[in-house]
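Here is how the chains run, residue by residue.
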Amino acid sequence: MAPPPPRTISLCLFLLLAMAAASATQATAAEAAAPCSTTKTESTSSSSFLRARCATTRYPDVCYDSLLPYASTFQTSHVKLAVAAADVAAAHLRAFSARVKDMLLHRGGGSEEAAASSGGGAARVDAVLHDCASTISAAANLAKRSSAELTRLDADTAASTETSTSGGSRQARWQLSNAKTWLSAAMTNEGTCSDGFEDAGAAATASPAGKEVAAGVASVTQHTSNALALVNGIPL
């Protein structure tokens, strides 16, 4: 039998090379799609976990909306979620403290001359604002201490799991107790700020400063309360 003409051989080679290239392209596309699929699954898992945990708080919508941007940092970890919540609470408290200090500054800085020239009512408002700035700043520090303690808890728990060391659970309970105590104290400070205006009288509470502080306290309290609830939900 005579061999096939050169054109037929070239056509066959071309078809074989085309099929090989198509197979390689499909394999590459499949490999590229795999990480995307995994990332999407992890994102869905994190958001579902967050939704379930936030349902245990007093302010679930605030919880979910404020913590969703940090889902990649905690994924499905109870402790890491609590760390993120404490950090969010601390950030809101710092911002609120700065706002109260700014209010006080624009009222005359709380100086005796400004208070005297504005009357006794203004002096009381200035005094309450000064106390609020201090107590809210302290609350922010307490929330940050709670976050730091939870971060140590997370690291120590991972280490004790790897080494199977004894006494780890006792240390974990102590760290968890500290985190709860400091967040509870932060909420007490928030309440102290609100109580200061109520103690100063109806005029102070109804003043523009009193109304803004009341709204600010209500907002930061939601974040601190949620952080405490998520800490309380950490299983040991």
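For the structure itself, look to the data block above.
None of the values given here were measured: they were computed from a predicted structure.

Caption draft 1: Focus on the overall build of the chain. When helices and strands are counted, the chain shows nine helices and zero strands. Starting at the N terminus and ending at the C terminus, the chain contains elements arranged as α-α-α-α-α-α-α-α-α. Residues classed as buried in the chain amount to 35% of the 236 residues present. In the chain, the proportion of contacts linking residues at least 24 apart, taken out of those at least 6 apart, comes to 76%. For the chain, the accessible area works out to roughly 13,400 Å², and carbon and sulfur atoms hold 60% of it.

Caption draft 2: Representation of unusual backbone geometry within the structure. For Gln75, which is not a glycine, the phi torsion comes out positive at approximately 50°. Mapped onto the elements of the fold, Gln75 is located in the loop between helix 3 (71-74) and helix 4 (78-106). In this structure Gln75 comes out as partly exposed when scored by relative accessible area, which is 41%.

Caption draft 3: The pattern of salt bridges, seen in detail. Applying the stated criterion across every chain, the model contains six salt bridges. For Asp154, the salt bridge is made with Lys80, and the minimal N-O distance between the two is 2.7 Å. Of this pair, Asp154 sits in helix 6 (residues 120-163) while Lys80 sits in helix 4; the two residues are 74 residues apart in sequence, bridging distant segments of the chain. Arg152 is the partner of Glu149 in a salt bridge, and the nearest nitrogen-oxygen pair spans 2.4 Å.

Caption draft 4: View of the nonpolar core. One finds Leu67, Leu129, Leu150, Phe197, Val213 and Val231 to be the most contacted residues of the largest nonpolar core, which totals 52 residues. If you list the elements that add at least two residues to this core, you get helix 1 (6-54), helix 2 (60-67), helix 3, helix 4, helix 6, helix 7 (168-200) and helix 9 (208-232). By residue number, the principal contributor to this core is helix 4, which donates 13 residues. Sequence-distant contacts of Val213, that is, excluding residues within four places in its chain, are made with Phe96, Met103, Leu129, Cys132, Cys193 and Phe197.

Caption draft 5: Up close: the environment of Val217. Its place among the elements puts Val217 in helix 9. By relative accessible area, Val217 is classed as buried at 5%. With 85 residues separating them along the chain, Val217 and Cys132 place their C-alpha atoms 9.7 Å apart.

Caption draft 6: Layout of the side chain of Ser46. Looking at where Ser46 falls in the secondary structure, it is placed in helix 1. Under the relative-accessibility criterion, Ser46 is labelled buried at 5%. Beyond its immediate chain neighbours, meaning those up to four positions away, Ser46 contacts Ala71, Phe74 and Gln75.

Caption draft 7: Focus on the packing of aromatic side chains. Inspection of every chain in the model, using the stated rule, returns zero aromatic pairs. Just above the ring of Tyr64 sits the side chain of Arg51; from NZ or CZ to the centre is 3.6 Å. Its end group placed over the ring of Trp182, Arg145 keeps NZ or CZ at 4.1 Å from the ring centre.

Caption draft 8: How the structure looks around empty space enclosed by the protein. Applying the stated criterion across every chain, the model contains one cavity of 30 Å³ or more. Of the volumes computed, that of the largest cavity is approximately 50 Å³. Residue lining of the largest cavity: Cys63, Ser66, Leu67, Ala85, Val88, His223, Asn226, Ala227 and Leu230, and that is the complete set. Listed by contribution, the elements that provide at least two residues to the lining of the largest cavity are helix 2, helix 4 and helix 9. Considering every element that reaches the lining of the largest cavity, the biggest residue donor is helix 9, with four residues.

Caption draft 9: Examining the state of the cysteines more closely. This structure, assessed with the given rule, holds two disulfides. Note that Cys54 is cross-linked by a disulfide to Cys63, the S-S spacing being 2.0 Å. Its torsion about the S-S bond being -70°, the disulfide of Cys54 and Cys63 is classed as left-handed. Cys54 gets classed as buried once you look at its relative accessible area, which sits at 1%. Of the residues examined, Cys63 reaches a relative accessible area of 1% and is grouped as buried. In this model, Cys132 is linked to Cys193 through a disulfide, with the two sulfur atoms separated by 2.0 Å. Judged by the torsion about the S-S bond (105°), the Cys132/Cys193 disulfide is right-handed. Of the two residues, Cys132 is situated in helix 6 and Cys193 in helix 7; the sequence distance between them amounts to 61 residues. Residue classification places Cys132 among the buried positions, given a relative accessible area of 1%. Take the cysteines of the chain that form disulfides and number them in order along the sequence; they join up as 1-2, 3-4.

Rules of the game
Residues numbered from 1 in each chain as written. Predicted model: local features only at pLDDT ≥ 70, side-chain atom pairs only at ≥ 80, totals over all residues. Heavy atoms only, no water. Helix = DSSP H or I, 4+ residues; strand = E, 2+ residues; numbered from the N terminus. Buried < 20%, exposed > 50% of the residue type's maximum accessible area, 1.4 Å probe, protein only. Contact = heavy atoms within 4.5 Å. Areas by Shrake-Rupley, 256 points an atom, 1.4 Å probe, with all protein chains shown as cover. Salt bridge = Lys/Arg side-chain N within 4 Å of Asp/Glu carboxyl O. Core = buried A, V, L, I, M, F, W, Y, C linked by side-chain atoms within 4.5 Å. Phe/Tyr/Trp six-rings, centres within 6.5 Å; stacked < 30°, edge-to-face > 60°. Lys NZ or Arg CZ within 6 Å of the ring centre and 35° of its normal. 1 Å grid on protein atoms, 1.4 Å probe; cavity = no way out; pocket = protein on both sides within 12 Å on 5 of 7 lines; lining within 4 Å. Points joined across faces, edges and corners; volume = space filled by probe spheres on them. Disulfide = S-S within 2.5 Å.

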